[in-house]
Amino acid sequence: MKPNTVRPIAIAIIRRGERIFVAEGTDDVTEQTFYRPLGGLVEFGERGSDTVRREIREEIGAELDNVRYLGTMENIFTYNGDPGHEIVMVYEADFADQAMYDRPEVMANENGTAPFPAVWKRMADFGPRTPLYPAGLLDKLTEWGAATEERRVAHGSSRRDYGRPAFTEWAD
């Protein structure tokens, strides 16, 4: 991250029932494990929806379908002792390859850095000891999810009509 710079990023929310697909990371200064949806920096001239497709392809070699804009958040944070500021475009998407939903973990790689795990995590499992970043995303997902469900019910469509696969929950 460049200091004193606001970074535009786009992230992908990929759901499987009550779980979302997230990267697991650790802040080396605080030694806290955290989770964040996959995505990355929006390149000049690139649309946010294209960013999430590119980033997922680069990080885990997967393709996305049904990419839908949910909203935008501002994220001011500290990571590894350094301040950061991001404008975060949040998209919901589906994996094009249905087999991705059966993989409990995928090793991801970003720009030649050390591989990191991406996992399915229950939304109810996020909290102060296992935060989901950007801060406030969990509340927004609940809000946006309720709005999506209201639209689905109002239009009498099934979940598949909104591009979300109908998957059953895994038992832990």
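Our structure's up above, just so we're on the same page.
Described below are features of the structure shown in this document.

What counts, and where the lines are drawn
Residues numbered from 1 in each chain as written. Predicted model: local features only at pLDDT ≥ 70, side-chain atom pairs only at ≥ 80, totals over all residues. Heavy atoms only, no water. 1 Å grid on protein atoms, 1.4 Å probe; cavity = no way out; pocket = protein on both sides within 12 Å on 5 of 7 lines; lining within 4 Å. Points joined across faces, edges and corners; volume = space filled by probe spheres on them. Helix = DSSP H or I, 4+ residues; strand = E, 2+ residues; numbered from the N terminus. Nonpolar A, V, L, I, M, F, W, Y, C, P; charged D, E, K, R; others polar. Buried < 20%, exposed > 50% of the residue type's maximum accessible area, 1.4 Å probe, protein only. Salt bridge = Lys/Arg side-chain N within 4 Å of Asp/Glu carboxyl O. Pairing = 2+ DSSP bridges. Contact = heavy atoms within 4.5 Å.

It is a probe the size of a water molecule, rolled over the atoms, that shows where empty space is left. Roughly 1,200 Å³ of volume is contained in the largest pocket. Around the largest pocket, the lining comprises 41 residues; the ones closest to its centre are Arg 7, Phe 34, Arg 36, Tyr 79 and Glu 110. Every element with two or more residues in the lining of the largest pocket is listed here: β2 (19-27), β3 (32-37), β4 (39-41), α1 (48-60), β5 (64-79), β6 (82-95) and β8 (116-122). If one sorts the elements of the lining of the largest pocket by residue count, β2 sits on top with five residues. Partitioned by chemical class, the residues of the lining of the largest pocket number 16 nonpolar, 12 polar and 13 charged.

This part is about the side chain of Thr 51. Here Thr 51 shows up in helix α1. Thr 51 sits in the buried class, given a relative accessible area of 0%.

With that settled, the discussion passes to the pattern of salt bridges. What the rule picks out here adds up to 11 salt bridges. For Asp 50, the salt bridge is made with Arg 53, and the minimal N-O distance between the two is 3.8 Å. Within this pair, Asp 50 and its partner Arg 53 are both found in helix α1, separated by three residues, close to a single helical turn. Residue Asp 50 is classed as partly exposed on the basis of its relative accessible area, which comes to 36%. The closest approach of N and O atoms between Glu 143 and Lys 140, which form a salt bridge, is 3.7 Å. Remark: Lys 140 and Glu 143 occur in helix α2 (residues 137-155); sequence separation between them is three residues, near one turn of the helix. A residue is classified by how much of its surface remains accessible, and Lys 140, at 28% relative accessible area, is partly exposed. It is possible to trace a salt-bridge network through shared partners that takes in Glu 43, Glu 46, Arg 54, Glu 55 and Glu 58.

The subject of this paragraph is the pairing of strand β7 (residues 105-108). Alternating positions in β7 separate cleanly, Val 106 and Ala 108 being buried on one face and Glu 105 and Met 107 remaining unburied on the opposite face. Note: β7 against β8, four bridges, orientation antiparallel. Note on β8: the bridge partner recorded for Glu 105 is Val 119.

Attention now moves to the environment of Val 88. In this structure, Val 88 sits in strand β6. Residue class for Val 88 comes out buried when judged on its relative accessible area of 0%. Counting along the chain gives 40 residues from Val 88 to Gly 48, while the straight-line C-alpha distance between them is 9.4 Å. Apart from residues no more than four positions distant in its own chain, Val 88 is found in contact with Ile 9, Ile 11, Gly 71, Thr 72, Met 73, Asn 75 and Pro 134.

Scope: geometric values only; no functional claims are made or implied.
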